[in-house]
Amino acid sequence: MKHTSLFTAFILTLLLSNSIQASQDKLYTAKKYPYNLLLSRTDTVKIIYSENKEKVDCKVEINWENEMITSKQTRVSKRDFINEPLASCLPRENAKNILAKTFE
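Rules and cut-offs
- Every chain is numbered on its own, with residues counted from 1 as its sequence reads.
- Reporting in this predicted model follows two pLDDT cut-offs: at least 70 for local features of residues, and 80 or more for side-chain atom pairs to be given and counted; totals over whole chains, interfaces and linings ignore these cut-offs and use all residues.
- In computing side-chain properties, one takes all heavy atoms of the structure into account and sets aside hydrogens as well as water.
- Secondary structure is summarised from DSSP: a helix means a run of H or I of at least four residues, a strand means a run of E of at least two, and numbering begins at the N terminus for each.
- Classification of residues uses two cut-offs on accessible area relative to the type maximum, computed with a 1.4 Å probe and protein chains only: under 20% is buried, over 50% is exposed, and between them is partly exposed.
- Throughout, a contact is declared for two residues whenever any of their heavy atoms are within 4.5 Å.
- In this description, accessible areas are obtained by the Shrake-Rupley approach with a 1.4 Å probe, and a residue is regarded as covered only by the protein chains that are shown.
- A pairing counts as a salt bridge when a side-chain nitrogen of Lys or Arg comes within 4 Å of a carboxyl oxygen of Asp or Glu.
- Between rings of Phe, Tyr and Trp, where Trp is taken as its six-membered ring, a pair exists when centres lie within 6.5 Å; planes separated by under 30 degrees are stacked, by over 60 edge-to-face, and by other angles tilted.
- Should the NZ of a Lys or the CZ of an Arg lie within 6 Å of a ring centre and within 35 degrees of the ring normal, that charge is described as sitting over the ring.
- N or O atoms within 3.5 Å of each other form a polar contact, as long as, within protein, one can give a hydrogen and the other can take it, and as long as residues adjacent in sequence are counted only when both atoms are side-chain atoms.

A. Spatial organisation of the overall build of the protein chain. For the protein chain, the count of helices and strands is five helices and six strands. The secondary structure elements of the protein chain, listed N-terminal to C-terminal, are α-β-β-α-β-β-β-β-α-α-α. Looking at the protein chain as a whole, 38% of its 104 residues are labelled buried. Residue pairs in contact within the protein chain that sit at least 24 positions apart in sequence constitute 47% of those at least 6 positions apart. Carbon and sulfur atoms make up 49% of the accessible area of the protein chain, which totals about 6,800 Å².

B. Inspection of the pattern of salt bridges at higher detail. Counted by the stated rule, this structure contains four salt bridges. Its salt-bridge partner being lysine 78, residue glutamate 51 comes within 3.8 Å of it at the nearest N-O pair. Residue glutamate 51 is found in strand β3 (residues 44-51), and its partner lysine 78 is found in helix α3 (residues 78-83); the two are separated by 27 residues along the sequence. Exposure remark for glutamate 51: the relative accessible area of 41% places this residue in the partly exposed category.

C. Structural view of the environment of isoleucine 98. In this fold, isoleucine 98 is placed in helix α5 (residues 92-102). Judged by relative accessible area, isoleucine 98 falls into the buried class, the value being 8%. Between the alpha carbons of isoleucine 98 and threonine 70 there is a distance of 10.0 Å; along the sequence they are 28 residues apart. Isoleucine 98 has contacts with Leu38, Ile62, Trp64, Ile69 and Leu90, leaving out every residue within four places of it along the chain.

D. A look at the environment of lysine 96. Tracing the sequence through the fold places lysine 96 in helix α5. The spacing of lysine 96 and tyrosine 33 is 63 residues in sequence and 8.3 Å in space, taken between C-alpha atoms. Setting aside anything within four residues of it in sequence, one finds lysine 96 in contact with Tyr33 and Pro34.

E. View of the packing of aromatic side chains. Throughout the structure, instances matching the rule amount to one aromatic pair. Sitting above the plane of the phenylalanine 103 ring, arginine 41 keeps its charged end 3.7 Å from the centroid.

F. Just the side chain of serine 88, in detail. Mapping serine 88 onto the fold places it in helix α4 (residues 85-89). Residue serine 88 is classed as buried on the basis of its relative accessible area of 17%. A distance of 2.9 Å separates a polar side-chain atom of serine 88 from the backbone oxygen of glutamate 84. Beyond its immediate sequence surroundings of up to four residues, serine 88 is in contact with Thr74, Val76, Asp80 and Phe81.

Spelled out as structure tokens, the structure:
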């Protein structure tokens, strides 16, 4: 993985899964460990989601060194998703386990 500035290390790519044209947005995470290290140690982190009035169904795809891990789909509140999309869609323990794999 190429080392980049802190600015680009915290970028997430969001894909709107229920749209014909995928839209991409860049976000930062306010949560610290393990999310910040996960973002800096991987090539891409994608949050794939669909939303209705009150809930968001989402999963996370993480790529690094030609390996991909996809989390289980989960349903979260729209408020939680708006505040912390990565942390709400990828539980902390799962994020820690994936982060550990990047050190193997």
